[in-house]
Amino acid sequence: MTIRTPLTLATVHPDKGLRAALGQAPIEVLEEVDRSGIRGRGGAGFSTGLKWRLASEAPAPDGRRHVVCNADEGEPGTVKDRALLSELPDLVLEGMTIAAWAIGANNGVVYLRGEYVYLRDGLEDCLARRRASGLLGHDILGTPGFDFDIHIRLGSGAYVCGEETALLESLEGRRGEPRNRFPYPVVRGLDQAPTIVNNVETLAWVPAIMARGADWFAGIGTPGSTGPKLLSISGDVARRGVYEFPFGVTVRELLEASGGEDAHAVVVGGACGVCVPAVDFAREISYEEISTGGAIIVLGPGRDLLDVAENFLEFFVDESCGQCTPCRLGNPVLLEGVRSLRRGECTAERLGELQHLGRTMQDASKCGLGQTSPNFFLSLVDRFGPEIIDRIPV
Amino acid sequence: MTTSIPLPTEAPATVGATVRATINGREVEVGSGTTVLEAAHACGVSIPTLCHHPDLIDVGVCRVCVVEVAGQKNLQPSCVFPITEELEVSTHTPRVAAARRDIIDLLLSEHCGDCRTCARNGTCELQDLAADYGVDHYRFGQRTEPVFVRDDTGPSIVFDPDKCILCLRCVRTCAELQGVWALGVTGRGAGVRVTTFADLPLSSEFCINCGQCLNRCPTAALTAVDVTARVRAALEDPRKHVVIQTAPAPRAALGEEFGLPPGTPVTWQLNTALRELGFDKVFDTTFAADLTIIEEGVELIERLYHALVLGEPDTALPMFTSCSPGWVKFLEHGFPEYLPHLSTCKSPQQMFGTLIKTWYADRNGLDPADVVSVALMPCVAKKFEASRPELTDSGFADVDLVLTARELAKMLRQQGIDLPSEPTSDFDDPFGTATGSGVIFGATGGVMEAALRTVLELVTGEPVEDLYAHADITPVRGFDDVRLVELTIPDAVGPVPSLLADLVPDWDWLRGVTLRVAVAHGTATARRVVEDIRAGGRFAGCHFIEFMACPGGCLGGGGQPIPTSLEIRKARARAIYAEDAAYGKAGHARKSHENPAVQRLYAELLTDGPGGATSHRLLHTGYTARGTFLPTGQKG
Amino acid sequence: MAMQLDLPDTVAEEGAELVAAIDDIVARHGAKRGELLPILQDLLAERGEISDLAMQVVADRLGAAPSEVQGVVTFYSFLGVEKRGRHVIRLCHTLSCVMAGTRDVAAALEDELGIPFGGTTPDGMFTLEWANCIGMCSTPPALLLDAEALGGVTPAHVREVIAALRAEGVHG
């Protein structure tokens, strides 16, 4: 397998977290998760404790609340959720069960991306085992009235469905087009009911937090980014794979661990991330510094950064849902701009217009996809000026 | 004696809490949940929009309305940003203006076409925005060659996807307001398009030709088929006798095309203007509306008699009105099993068309082949209706050409005619006399009110004014999606009028009977009502239901001036009811059966009475079960 | 379930088997709008195609409009209105794989199958498509062969895989 460092998660005692949670009132579980400081590990970094509390407080007219596991890991360069789902699926499902107890949910869904169809059977087996062991179903672990079950829904090839409201649209049988910000899914999510959508890794950490305590978790990482983080390192390194580091790890430390010391640049965050130059390798991976859901792609000497930009923009032109103007039409313009840079045909004035457009896309797109799609291009112009300027006709 | 039945409605928005917002330094107090866009309008700040339309649920996709909200990292779409706590908003900062300019430039980059040759030149919202935001060149390019096939094969609607900016107002209109879903969204990313199912031409679709989409399209992606050149050619042909009938709804709206506020009727100026354009005769469609009421009212009485007296359980009740061609096609597609419920009466336009090419031509020694019958309608579905092969009872197309209000306005402007300053003049005989009942056909509930005025008076023998002040049957009026009304026939009934003597022996069977009638507008509402009937719900017990395809009825038709909104439609309705009331004040008839021209028609042509053989030959029609299958050439 | 979509007799006869297959799938998942994706996934898996008629039948069974179903079918890369071959090969063309040699593998696949990406072999055996990241960045380049992920593929490797599948197709 591709796991390169010992995983803390592999040492968590099965069901200890769930038993600990069921020994507490839901409000106490909410407080514990909140106190751990854990933030969404898909990349957006929203406070998990706050998300759960909002969902638990939102009125549920027909008594229904949902826990959705976002297993639509589509960010180029990310494999850590796949590793968890294949190696430690119980932890993810246990995390969902704890979440259900905390917010009063009775229905759980794993939205598994279509590209991960090969993981489905393993997950179904795991669900069956858990049902047989009383870890799912009625009166879970003998807790009267705690009924919760999980089913798997397969995506069908759409990166944007990793955006939580697009995921909900997809679950409701529609085009995966992100919703407007309000109301939030914690208030009206799946089928209008309060819903939490959590990343695979976020959910996997929950049993550890419940088993070892919030203080343990909060003591790892940085003040604003607590806990360990799984990172997928790929590209021009000797040892590609999934690594666990505490938040606050520097880019250089990642390169050392994976055998990519001679890197020219590092893509942090995948296609929606930024391009980090060597002078910034001392910077930290954290929500405060360089934020990422876990994708680290190392670019060795000789890699043309415009090739990378073109690859990412082709990706966004295809994967944009296409509903909002800046993203639908902006990405093709940026793509053509990068191609004209490669051909040596992009003037300085044009480059300025493209930067302006990129900032508009960040500022005015409807969802995170559009808002982050110009990130790599903008960071390239911003941080690799000389390399880009060389491509501009004099 | 009349009761409005309260119907379940959506729970009202939470009333009570108000919040303060500061917009560009102006303070405004609004109800919690009000959007930034609404609040801005409330304090006189104008924010540009494209995908927003007051009739539709906001989707926040065009991003033109983005604003700065204090405390928010990114720009926020004002149309979908609810104010729930104190908020500070800036709508026109340099940052906002720059983003809008980028967005407009992006929209222009795939908007193919030349403004000067465009049907919406001067009324295009994208063009206006480009001007407002100083677009002087195409920064992100411009598509100069079309990449899609323009669908201009249908009788009513032209779809040009190369001009589409994906605001989705059409798609939402077709789904939310009309429940038709002829238009949808396909593809993803840069490949997203508005399309029909399997890219079929709209005329092969469920499309009911209502034109509500094109009334809300900000560009010329959706437009109505334009027949002005054909009308002009007819007017210029000395061998042709060209007559026009004008419907009441466009008369209440045409003024908007000439700068008058909505709700300013121009009926009598229009008569003069049409003669100046060269029409040989100018007739009033309301004459045919009155005729429709007689025929349809009698049909209702017949059906009631068969059901209540003869005890025939298969009698198709409730009876549905048949004057809205969009509604008729909607039923033909979606609910063919309910076609027997449709009144067999042709619409006023088509009744009139038949009479012009038969009775009128005959009386005036004209060869019907040389008569060109034009109709001014608020409607693009009327263009389709005129093309229906079965509507040729005169031996020719009953109606040759249908003009929308917009097309006629264009013809008038080309002729240098300023409609509001035209002198007034009357309609031409022999169809010149109308009644207030015919006029209110233009508003939702109008057909029902007109029918009730006549039926109640014929049955009770009492002037309907004694039952309802000024004969205003207000419970059926208004803009609620659907109104359900019960009327109890008094115990005292009158003698059967001679006109109906062959029909029923007496009215005794109607004593104390409670008539249940309903009015629905917008085909999304119509769908709910018919499904309710199918499920045996409250509407299944109705005797008569008026259905109009378009929100607001004809006055909100797809051929009316653009833009449209509830306020505009209400203003047009006020104009229509004012015209009705004016008939009363001037001592003219307000009830269809009092129309002397209609009475003369029964005396001279339709001598076997309403619903008689002659009527059925000339004024009634049948329908086609079109169903829900869309043939795409594939078998599966 | 009551048949509401009124198919003309000619179509009804030819489409009867399709309609029955759809009704089976719908029965498995429940005739609910929210089940549209699983239903379409099963339909494509069973028949290799989501035809115009199929979309109309599915729409009818779920109380949706054909245009809505078409909107969903054309949104997702793994659905779509194109007929698929018996085996679908989806080669990842995101960065980590491209950096590790996707282009050579792509050329080998096109050459071996004689079709461009997006195409299906005339014998209906293979469809060749691009995929965005399939989560195999640790072992690039990678592809999805139907429901199986293959990492570290090379031109020689994919030629072998195709040959094996062809042999299976002939004998199996």
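Residues numbered from 1 in each chain as written. Chains lettered and ligands numbered in written order. Predicted model: local features only at pLDDT ≥ 70, side-chain atom pairs only at ≥ 80, totals over all residues.

### A closer look at the overall build of chain B
Per the secondary structure count, chain B includes 20 helices and 18 strands. A compact globule built from 636 residues would reach a C-alpha radius of gyration of about 26 Å, and chain B, at 26 Å, matches this within 12%. With the C-alpha coordinates aligned to their principal axes, the bounding extent of chain B is approximately 80 × 60 × 60 Å. With 636 residues in all, chain B has 55% of them scored as buried. Put simply, of all contacts in chain B between residues at least 6 apart along the chain, 75% involve residues at least 24 apart. (Helix = DSSP H or I, 4+ residues; strand = E, 2+ residues; numbered from the N terminus. Rg over C-alpha atoms; globule rule 2.2 N^0.38 Å. Buried ≥ 20, exposed ≤ 12 C-beta atoms within 10 Å, placed from the backbone. Contact = placed C-beta atoms within 7 Å.)

### A few points about the overall build of chain A
The number of helices and strands found in chain A is 16 helices and 11 strands. In summary, chain A has a C-alpha radius of gyration of 21 Å against a globular reference of 21 Å for 394 residues, a match within 12%. Seen along its three principal axes, the alpha-carbon backbone of chain A occupies a region of about 75 × 40 × 35 Å. Of all 394 residues assigned to chain A, the portion counted as buried reaches 59%.

### Points about the domain arrangement of chain A
Residues and elements named next belong to chain A. Once the domains are mapped, chain A shows domain 1 (8–218), domain 2 (224–291) and domain 3 (305–389). Put simply, the middle of domain 1 and the middle of domain 2, counted by C-alpha atoms, are 26 Å apart. On the side of domain 2, 18 residues touch domain 1, which itself brings 19 residues to the contact. Every element with two or more residues in the side of domain 1 that touches domain 2 is listed here: helix 4 (80–87), helix 8 (200–212) and helix 9 (214–218). Here the side of domain 1 that touches domain 2 is built from residues that sort into 7 nonpolar, 7 polar and 5 charged. (Domains from an automatic or database assignment. Nonpolar A, V, L, I, M, F, W, Y, C, P; charged D, E, K, R; others polar.)

### Examining the nonpolar core
Formed by 366 residues in total, the largest nonpolar core has its most connected members in Val92(A), Ala99(A), Val266(A), Leu313(A), Ile545(B), Leu40(C) and Val58(C). Apart from the residues within four sequence positions on either side, Ala99(A) is in contact with Trp52(A), Val67(A), Ala105(A), Ile196(A), Asn198(A), Leu203(A) and Val206(A). (Core = buried A, V, L, I, M, F, W, Y, C linked by C-beta atoms within 7 Å.)

### Considering the pairing of strand 2 (residues 126–131) of chain C
Side-chain direction in a regular strand flips from residue to residue, so the side chains alternate between the two faces of the sheet. All names here are of chain C. Within strand 2, 5 of the 6 residues are buried, which leaves it mostly tucked inside the rest of the structure. Pairing of strand 1 (residues 87–92) with strand 2 involves 6 bridges; the strand directions are parallel. Paired with His 87 across the bridge in strand 2 is Phe 126. (Pairing = 2+ DSSP bridges.)

### Notes on the interface of chain A and chain B
In this assembly, 26 residues from chain A lie in contact with 26 residues from chain B. Elements supplying a minimum of two residues to the side of chain A that touches chain B: helix 11 (305–319), helix 12 (325–342) and helix 13 (348–364) of chain A. By residue number, the principal contributor to the side of chain A that touches chain B is helix 12 of chain A, which donates 7 residues. Counted by class, the side of chain A that touches chain B contains 10 nonpolar, 9 polar and 7 charged residues.

### Some details on helix 18 (residues 566–585) of chain B
All names here are of chain B. Taking 1.5 Å per residue as the helical rise, helix 18 with its 20 residues ought to reach 28 Å, and the 28 Å between its terminal C-alpha atoms agrees with that figure. Buried within helix 18 we find Ile 568, Arg 569, Arg 572, Ala 573, Ala 575, Ile 576, Tyr 577, Glu 579, Asp 580 and Tyr 583. Among the residues trailing helix 18, Gly 587 stands out with phi positive, at a value near 80 degrees. (Expected span 1.5 Å × (residues − 1).)

### Quick look at the sheet that holds strand 4 (residues 195–199) of chain A
Residue and element names in this part refer to chain A. Pairing in this open sheet of 4 strands is parallel, and the strands run 3-2-1-4 from one edge to the other. Each edge of the sheet is formed by a strand with only one pairing partner; in this case those strands are strand 3 (149–154) and strand 4. Across the sheet, the axes of successive neighbouring strands diverge by a mean angle of 20 degrees, strand direction being ignored. Across 6 bridges, strand 1 (residues 66–71) lies against strand 2 (residues 107–112) in parallel orientation. Within strand 2, the residue paired with Val 68 across the bridge is Val 109. Each of strand 1, strand 2, strand 3 and strand 4 is contacted by helix 5 (residues 89–103), which is oriented at about 150 degrees to strand 1, the strand it contacts most. (Axes fitted to C-alpha atoms, helices over the stretch in contact; angles between N-to-C directions.)

### Notes on the sheet that holds strand 1 of chain C
Residues and elements named next belong to chain C. In space, the 4 strands of this open sheet follow the order 2-1-3-4, with mixed pairing throughout. Two strands lie at the open edges of the sheet, namely strand 2 and strand 4 (148–150), each paired on one side alone. Neighbouring strand axes in the sheet, compared pairwise and without regard to direction, differ in orientation by 25 degrees on average. Looking at chain direction, strand 1 and strand 3 (residues 143–145) are connected through 3 bridges and run antiparallel. In the strand pairing of strand 3, Arg 90 is matched with Leu 144.

### So, the environment of Arg232(B)
Following the sequence through the fold, Arg232(B) ends up in helix 6 (residues 228–236). Measuring from C-alpha to C-alpha, the distance between Arg232(B) and Lys382(B) comes to 19 Å, with 150 residues separating the pair along the chain.

### Here's the deal with the packing of helix 13 of chain A against helix 15 (residues 375–383) of chain A
Residue and element names in this part refer to chain A. In contact at an axis separation of 10 Å, helix 13 and helix 15 are set at 135 degrees when each is read in the N-to-C sense. In terms of axis orientation, helix 13 runs oblique to helix 15. Crossing hand, helix 13 versus helix 15: left-handed. Packed against helix 13, whose contacting residues are Leu 351, Gln 355 and Gly 358, the element helix 15 presents Phe 377, Leu 378 and Val 381 at the interface. In the contact of helix 13 with helix 15, the residues fall into 4 nonpolar, 2 polar and no charged. (Parallel < 35°, antiparallel > 145°, perpendicular 65-115°, else oblique. Left-handed = near helix turned anticlockwise from the far one by under 90°.)

### Focus on the pairing of strand 9 (residues 265–268) of chain A
Residues and elements named next belong to chain A. Neither face of strand 9 is open: one carries Ala 265 and Val 267, the other Val 266 and Val 268, and all of them are buried. In this sheet, strand 10 (residues 274–277) lies alongside strand 9 in antiparallel orientation, the contact comprising 4 bridges. Bridge pairing in strand 10 places Val 267 opposite Cys 275. Taken together, strand 9 and the strand that follows it, strand 10, pair antiparallel across an intervening segment of 5 residues, in which Gly 269 is found at a positive phi of about 105 degrees. Pairing analysis gives 4 bridges linking strand 9 to strand 11 (residues 295–299), with the strands arranged antiparallel. Paired with Val 267 across the two strands is Ile 297, which belongs to strand 11.

### Quick look at the interface of chain C and chain A
The extent of an interface is frequently quoted as the accessible surface area lost upon association of the parts. Each partner contributes to the interface: chain C provides 33 residues, whereas chain A provides 36 residues. Secondary structure elements with two or more residues in the side of chain C that touches chain A: helix 2 (36–47), helix 4 (66–73), helix 5 (95–98) and strand 4 of chain C. A per-element tally of the side of chain C that touches chain A places helix 2 of chain C first, with 4 residues. Considered class by class, the residues forming the side of chain C that touches chain A number 20 nonpolar, 10 polar and 3 charged.

### Points about unusual backbone geometry
All names here are of chain B. Note that the residue after Ile 562, namely Pro 563, is joined by a cis bond; omega there is 10 degrees. Here Pro 563 shows up in the loop between strand 18 (544–548) and helix 18. For Ala 198, which is not glycine, the phi dihedral falls at a positive 55 degrees. Structurally, Ala 198 can be placed in the loop between strand 9 (193–195) and helix 5 (212–216). The phi torsion at Asp 199 lies on the positive side, around 55 degrees, for a residue other than glycine.

### Topic: the packing of helix 5 of chain A against helix 8 of chain A
Residue and element names in this part refer to chain A. Between helix 5 and helix 8, whose axes approach to 7 Å, the crossing angle comes to 75 degrees. As summarised for this structure, helix 5 and helix 8 are arranged roughly perpendicular, according to the angle between their axes. Note on element contacts: helix 8 touches helix 5 through Val 200, Leu 203, Ala 204, Val 206, Pro 207 and Met 210, opposite Leu 91, Val 92, Glu 94, Gly 95, Met 96, Ile 98 and Ala 99. Here the contact of helix 5 with helix 8 is composed, by residue class, of 11 nonpolar, 1 polar and 1 charged.

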